[in-house]
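# A closer look at the structure
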Amino acid sequence: ICTDNSKANVSAFENNENHVVREPCAAHTAELAIGDMFKKDAEYGFISDEIQILMQNIPKECCRPGFKHELITIRWTSLFDCSEYILENINILQNSGSQIVLNSIGKIESKIGFVNLVQMLKLMVIFVKEVEKDLSSISDIIPIYLKTIYFLLFRDTHDDSIAGGE
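Remember, it's a predicted structure, so these values are computed and weren't measured experimentally.

## Some words on the packing of aromatic side chains
Across all of its chains, the model carries zero aromatic pairs by this definition. Above the ring of Tyr 44, the side-chain terminus of Lys 111 is found at 5.4 Å from the ring centroid.

Now the structure itself:
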């Protein structure tokens, strides 16, 4: 069984006669989907750039000395961490007087809203953590997958415990 999603492995096992099964890694696939959605998508791809701008313009009163949130796009869980941090400090950011900050907040708020963004990303982080556990099986993926789909479909009328993963 090969779980690597790289193009080389996909090609190598596409028409194999050695009975090697290629089963894509669900956690890696979810990470790729998050990246595609918030970095490459025509409608929502701007979000990653705006979060990066906001993280580069955090007022000093939002930071503890020696501590800095950073958007690291290899692991998209940092998009959740940064978005949650921005939401927690949204009032300070809005009152910072920085036009670039206000523009970035306005773009995200008008398209998706920080609350929705954080809820969606939190659910994806929970999903990724659940499916990337050692020795997880397909039976472990299905319940969290269904919970994720349910939340995404009905997020305007959801139960908060769903987003919390409880």
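After presenting the structure, the write-up continues.
## Observations concerning the packing of helix α3 (residues 46–56) against helix α6 (residues 99–111)
Contact geometry for α3 and α6: axes closest at 9 Å, N-to-C directions at 145°. Considering how the two elements wind past one another, α3 and α6 form a crossing that is left-handed. Here α3 contributes Phe 46, Ile 47, Glu 50, Ile 51, Ile 53 and Leu 54 to the contact with α6, which in turn contributes Ile 100, Val 101, Ser 104, Ile 105, Lys 107, Ile 108 and Lys 111. For the contact of α3 with α6, the per-class residue count stands at nine nonpolar, one polar and three charged.

## So, the nonpolar core
Of all hydrophobic cores here, the largest spans 37 residues; its most connected members are Phe 38, Ile 47, Ile 51, Ile 86, Ile 108, Phe 114 and Leu 117. When contributions to this core are tallied by element, the ones reaching two or more residues are α2 (26–40), α3, α4 (77–88), α5 (90–94), α6, α7 (114–131) and α8 (138–153). Considering every element that reaches this core, the biggest residue donor is α7, with eleven residues.

## A short note on the confidence of the model for the chain
When pLDDT is averaged along the chain, the result is 77, and 69% of the positions lie at 70 or above. Averaged pLDDT values for the elements of the chain fall to 44 in helix α9 (residues 160–164) and rise to 95 in α6. Scored below 50 in pLDDT, residues 157–166 makes 17 contacts in the model with residues more than four places away or belonging to other chains.

## As for the pattern of salt bridges
Using the criterion set out here, one finds three salt bridges in the structure. For Lys 111, the salt bridge identified is with Glu 43, shortest N-O distance 2.8 Å. Here the residue Lys 111 occupies a position in helix α6, and Glu 43 occupies one in the loop between α2 and α3, the gap between them amounting to 68 residues. Accessibility expressed as a relative area gives 35% for Lys 111, which makes it partly exposed.

## Observations concerning a nonpolar patch on the surface
Residues Ile 138, Ile 142, Tyr 145, Leu 146, Ile 149, Tyr 150, Leu 153 and Phe 154 make up a contiguous nonpolar surface patch of about 810 Å² in total accessible area. Relative to the assigned elements, Phe 154 resides in the loop between α8 and α9.

Here is what the cut-offs are and how they apply
Here the residue index of a chain counts from 1 through its sequence in written order. With the structure being a predicted model, the display of local features is reserved for residues of pLDDT at least 70 and the display and counting of side-chain atom pairs for 80 or more, all residues being used for whole-chain, interface and lining totals. In computing side-chain properties, one takes all heavy atoms of the structure into account and sets aside hydrogens as well as water. Only centres within 6.5 Å qualify two rings of Phe, Tyr or Trp (six-membered ring in Trp) as a pair; their planes then separate them into stacked at under 30 degrees, edge-to-face at over 60, and tilted for everything else. Two limits define a charge over a ring: the Lys NZ or Arg CZ must be within 6 Å of the ring centre, and within 35 degrees of the ring normal. Angles here are taken between N-to-C directions and fall from 0 to 180 degrees, while the axes themselves are lines fitted to C-alpha atoms, restricted in helices to the stretch in contact. A helix here means a DSSP run of H or I that spans at least four residues, while a strand means a run of E at least two residues long, and both kinds are numbered starting from the N terminus. The crossing is said to be left-handed when, going from far helix to near helix, the turn is anticlockwise and less than a right angle, and right-handed when the turn is clockwise. Whether two residues are in contact is decided by their heavy atoms, any of which lying within 4.5 Å being enough. Three residue categories are used. Nonpolar comprises Ala, Val, Leu, Ile, Met, Phe, Trp, Tyr, Cys and Pro, charged comprises Asp, Glu, Lys and Arg, and polar comprises the others, including Gly. Each nonpolar core is a collection of buried residues, namely Ala, Val, Leu, Ile, Met, Phe, Trp, Tyr and Cys, held together in the definition by side-chain atoms within 4.5 Å. Burial status follows relative accessibility: with a 1.4 Å probe on protein chains alone, a residue under 20% of its type maximum counts as buried, one over 50% as exposed, and anything between as partly exposed. You can read pLDDT as the predictor saying how much it trusts each residue, on a scale of 0 to 100. Basic side-chain nitrogens of Lys or Arg form a salt bridge, by our definition, when they fall within 4 Å of a carboxyl oxygen of Asp or Glu. Patches here are clusters of residues that have more than 30% relative accessible area and form no salt bridge, with a 9 Å joining cutoff for like charges and a 5 Å cutoff for nonpolar side chains (Val, Leu, Ile, Met, Phe, Trp, Tyr). What sets the accessible areas is the Shrake-Rupley method with a 1.4 Å probe; for residues, cover comes only from the shown protein chains.

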